[in-house]
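So you can see what is in the structure, the chains are spelled out below.
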Amino acid sequence: AVVSTQSGHYGRDRWKFGQFRHLCSRASLPTGHIKITVSRNSVFEDSFNQILGIAPQDLKRRLFISFKGEEGLDYGGLAREWFFLLSHEMLNPMYCLFEYASKNNYSLQINPASYVNPHHLTYFKFVGRVIALALFHNKYIDKGFTLPFYKRILDKPLTMLDLKSIDEDFYNSLKWVKENDLEECGLELYFAHEFEVLGEVKIHELKPGGEDIMVTEENKEEYVNMMVSWRFTRGVEEQFKAFLEGFNEIVPIQWLQYFDERELELILVGIQDFDIQDWQAHTIYRNYRRSDKQIQWFWQFVADISDEQRSRLLQFVTGTCRLPIGGFSELMGSNGAQKFCIERVGKENWLPRSHTCFNRLDLPPYRSYEQLKEKLLFATEETEGFGQE
C-alpha cells in the first residue's frame, strides 16, 4: 500500500479548510433543493442544459441528483457519483476543451484549439460553475488540473519554474537564455514568438513592435518574464475568463485566499494515494467480526489488487474514488461523518451490493477467497449503476 503523507502535511492547516466550509455554509440556502435528472449515456449534455438554466443562487441549495431509469433517493451518494461522472466527461481531452499538459503529465490545462467549437466559451463557463459547485458542496472531481492552472484561479504570480512541469522544452530554452550571454553566442532573439494551433503558425508580439525589438543582455529578464506570462495564457485568455465567470457565480475567488495551489488541488480532487492500514483502522462491521474469514479475505483482496482496482472498489462503495484531506477517518455520508462499513447480507451466490449514501458494502458470506475475489471484481468492474443504492 502507498502510505500518503499528504493528510498529515496538511493537517496543521485544517483550519483553512474549516474557514472555507464556514463561508460555504453561510452562503447555502437551507430550504428546498434543486433536482437534476441526467442519463448516464449523456451526463455531459444533460447537465450542461440544466446547470446553465438554473440561477447561480439556487445552485447553492441542496442538490438532488437522479439518473434516468434508476430508482433511488439521493442522500448524497448520487451527488458524489454525478460530480465524478460529469467531471470525467467534461474534462475528457476528446471534447477538445482541455488537453494533457504534456506527454508524461496527465494533469489538464485549457486547450488553445478549443475555439473550433463555436460555443466553447459557454462550455467553459459551465465547467467553471461545476468546479465551483464541487467545492461549494464538498464533493470531488475525477481529474486534476495542472498546478499553474490552480495558481491562475488563485490569481497568484506564475514563475519560470512553474513551466517545468507542463513544458520542459520551453522551460529549458528560457533557462538557457537566462544563463548564457546572447551577444557572445551570436543568437538573435526578438520580443515575438511563433506558435502553432491546428496546423496554423501564428506570431505573437510580446510587446507592441516586438518583432523589431531585439533581446539583449540588458532586457532579457523582461523577455523571459513576458515569455513565461505568455506561455501560460497563449490562446486561452477568453476561455479562462469564461471559466472564472462561471466559477465566481458560485464561489467568489476571495473565499480561496487561505489556500495555495496544492491545497486547492487537495480539496477539489482529494488524496489519490491511500493507505490500506488507514482504511482498515477506520472501517466498521455489521454482523461480521474483524476475525471472520470473510473480513480477512476482503483485506487480502484489497492488498492484492492494483491501485486502479482499489479506486474502483472505493468508488463502488462511496460513490467516488477520492478521499477527503484527512483520509478514511473523514469519509462523509448522508448524515455527516460516516465510516466505511462492511455488513453481512445475503447468500453466498449473491453479488455484493453497495449503499453509497452510507459508505456501506453488503458482503455475502462467501465460502472461499477465490469466490469473494470473483464476485467483488465483477461487481466493481463489470457493472455500472448495478448493485448500487
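Heads up: the structure comes first, above all this text.
Residues numbered from 1 in each chain as written. Predicted model: local features only at pLDDT ≥ 70, side-chain atom pairs only at ≥ 80, totals over all residues. Heavy atoms only, no water.

(A) Local environment of the sheet that holds strand 7 (residues 283–286). Pairing is mixed across the open sheet formed by four strands, whose spatial order is 7-10-12-11. Lying at the two open borders of the sheet, with one neighbouring strand each, are strand 7 and strand 11 (353–355). For this sheet the average axis-to-axis angle between neighbouring strands, irrespective of direction, equals 20°. One ladder, built from four bridges, connects strand 7 with strand 10 (residues 340–344); its direction is parallel. (Pairing = 2+ DSSP bridges. Helix = DSSP H or I, 4+ residues; strand = E, 2+ residues; numbered from the N terminus. Axes fitted to C-alpha atoms, helices over the stretch in contact; angles between N-to-C directions.)

(B) Summary view of the nonpolar core. Residues Trp82, Phe145, Ile153 and Phe247 are the most contacted members of the largest nonpolar core, which totals 60 residues. No other element matches the 11 residues that helix 5 (residues 120–136) contributes to this core. For Ile153, the residues in contact, after removing those within four places along its chain, are Phe240, Phe243, Leu244, Phe247, Ile253, Leu256 and Leu264. Core analysis: the next-biggest nonpolar cluster, separate from the first, contains 30 residues, Ile271, Phe298, Ile342 and Tyr369 among them. (Core = buried A, V, L, I, M, F, W, Y, C linked by side-chain atoms within 4.5 Å. Buried < 20%, exposed > 50% of the residue type's maximum accessible area, 1.4 Å probe, protein only. Contact = heavy atoms within 4.5 Å.)

(C) Just the packing of aromatic side chains, in detail. Under the criterion given, the structure shown has 25 aromatic pairs. On the numbers, 5.9 Å between centres and 75° between planes, the contact of Phe20 with Phe259 is edge-to-face. Of this pair, Phe20 sits in helix 2 (residues 14–27) while Phe259 sits in the loop between helix 11 (237–250) and helix 12 (261–269); the two residues are 239 residues apart in sequence, bridging distant segments of the chain. Each of the two residues, Phe20 as well as Phe259, counts as buried. A network of ring pairs unites the aromatic residues Phe98, Phe124, Phe145, Phe149, Tyr150, Phe240, Phe243 and Phe247 as a single cluster. When the ring centre of Phe67 is taken as reference, the NZ or CZ atom of Arg40 above it lies at 4.3 Å. The ring of Phe170 has Arg231 sitting right over it, with the charged end atom 5.9 Å from the ring centre. (Phe/Tyr/Trp six-rings, centres within 6.5 Å; stacked < 30°, edge-to-face > 60°. Lys NZ or Arg CZ within 6 Å of the ring centre and 35° of its normal.)

(D) Broad picture of the side chain of Gln109. Structurally, Gln109 can be placed in strand 4 (residues 105–110). Under the relative-accessibility criterion, Gln109 is labelled buried at 10%. Apart from residues no more than four positions distant in its own chain, Gln109 is found in contact with Leu97, Phe98, Glu99, Tyr100, Ala101, Thr146, Ile166 and Arg231.

None of this, on its own, says anything about what the molecule does.
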